[in-house]
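Tertiary structure, described
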Amino acid sequence: MSPLAFAKYHALGNDYLVVEAASWSPWLTVSALRRIQDRHLGIGADGVLVRDADPAPGRFALRIFNPDGSEAEKSGNGLRIFARYLWDAGRVGDAPFPVHTPGGEVSCHVRRGGRSVQVEMGRVSFDSRQIPVAGPPREVLREALSVAGRELEFSAASVGNPHCVLIRDSVSEAETRELGPLIENDARFPNRTNVQFARVRNRQNLEIQIWERGAGYTLASGTSASAAAAVAHRLGLCDAHMTVHMPGGALAIELTEAAGVILTGPVTRVMQGTLDPRTLQDLAWR
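Below you will find a few notes about this structure. The model shown is predicted, which means the values in this text are computed figures rather than measured ones.

**A short note on the packing of aromatic side chains**
As enumerated under the stated definition, the model contains three aromatic pairs in all. Between the aromatic rings of Phe60 and Phe97, the centroid separation amounts to 5.8 Å while the plane-to-plane angle is 80 degrees, which identifies the pairing as edge-to-face. Remark: Phe97 occurs in strand E6 (residues 97-101) and Phe60 occurs in strand E4 (residues 60-65); sequence separation between them is 37 residues. Phe60 sits in the buried class, given a relative accessible area of 6%.

Shown next as structure tokens:
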């Protein structure tokens, strides 16, 4: 068997493998994806980005897989990493270009010699039918949520994938790890949900802790930053231009009527390598 080529990048500590569907398609199974992303038994990553067949010249297609093998609709950090991967490979230049994801098409722009990538994430929806959230059609803002004996208030949003944002007086990794998985799997979220615990520092700065659907506690997330910023702005707590601070670092968010959320931040290339496919042959025990 031929070795399987991959590239690895991180965006504020949120690390992804980037692979080509043409050579990896036989191994894009749940068990293989779990093994590949395992930090002890595989390469280790917060996700796998698969470059699918280009839909047209100058247009690109991306699929995104979580560490549990499930497929995500969209990832802000994943998209920024994918854009940098295309730029490093000489497939794109300094001009913006479109990328199609299951959560919608976005525009990407690699800037500053690859050190920064900007993504127009699209418009945010608070509509319960689009997120989705169970119950009657409505905008999901400031609703009650009872979890582990605690009474909480949440708002929900979609940036092409579902998010539950809880505005808190303080945020912590411990609370995120405790309540995140319970909220992710709450019955009111039929497709599960990403979870953000958010603290407003001031009108230009928001701090979040993240529990990512299918991945768990995460140092940084582009869609989480986008959703939390959109909720904070909609509730009148933050301005349309802000910095979202996460354990892995900060992202710049701009909310506009025309483009929706514009997300900007750094991407770092870590390595290129090959995986021996024999490590994926015997997965029955998984």
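Next comes the rest of the description.
**What to know about the nonpolar core**
Counting residues in each nonpolar core, the largest one holds 53 residues, and the members touching the most others are Phe82, Phe97, Val99, Leu206, Val244, Met246 and Ile253. The leading source of residues in this core is helix H5 (residues 222-234), at seven residues. Once residues lying within four places of it in the same chain are set aside, the contact partners of Leu206 are Ala198, Arg199, Val200, Ala228, Ala229, Ala232, Cys238, Met242, Thr243, Val244 and His245.

**So, the pairing of strand E11 (residues 162-167)**
Looking down a regular strand, the side chains alternate between one sheet face and the other. For E11, the buried fraction is high: five of the six residues fall into the buried class. Across four bridges, the pairing between strand E10 (residues 150-158) and E11 is antiparallel. Looking at the pairing, Ala157 lines up with His163 of E11. Between the end of E10 and the start of E11, which pair antiparallel, lie three residues, with Gly160 showing a positive phi angle near 100 degrees. Relative to strand E12 (residues 194-202), E11 runs parallel, the two being bridged by five bridges. Along E12, the bridge assignment pairs Ile167 with Ala198. Once the chain exits E11 it traverses helix H4 (residues 173-184) before rejoining the sheet at E12, and the crossover so formed is right-handed.

Calculation criteria
Sequence positions are assigned chain by chain, starting from 1 and proceeding in written order. Since the coordinates come from a predicted model, pLDDT governs what is reported: local features require at least 70, and pairs of side-chain atoms require 80 or more to be given and counted, while whole-chain, interface and lining totals use all residues. For side-chain calculations, the full set of non-hydrogen atoms in the structure is used, while hydrogens and water are omitted. Only Phe, Tyr and Trp rings are paired, with Trp represented by its six-membered ring, and only when their centres lie within 6.5 Å; those with planes under 30 degrees apart are stacked, over 60 edge-to-face, the remainder tilted. Helix and strand definitions follow DSSP, with helices as H or I runs of at least four residues and strands as E runs of at least two, each counted in order from the N terminus. Buried, partly exposed and exposed residues are distinguished by accessible area as a fraction of the type maximum, computed with a 1.4 Å probe on protein chains only: under 20%, between the cut-offs, and over 50%, respectively. Here the nonpolar core consists of buried residues drawn from Ala, Val, Leu, Ile, Met, Phe, Trp, Tyr and Cys, with membership extended through side-chain atoms lying within 4.5 Å. Any two residues whose heavy atoms approach within 4.5 Å are treated as being in contact. Note on pairing: DSSP must find at least two bridges between two strands before they are called paired. Handedness of a crossover: with both strands directed away from the viewer, a clockwise path from the first strand across the helix to the second marks it as right-handed.

Read these as layout, nothing more, since geometry by itself doesn't imply function.
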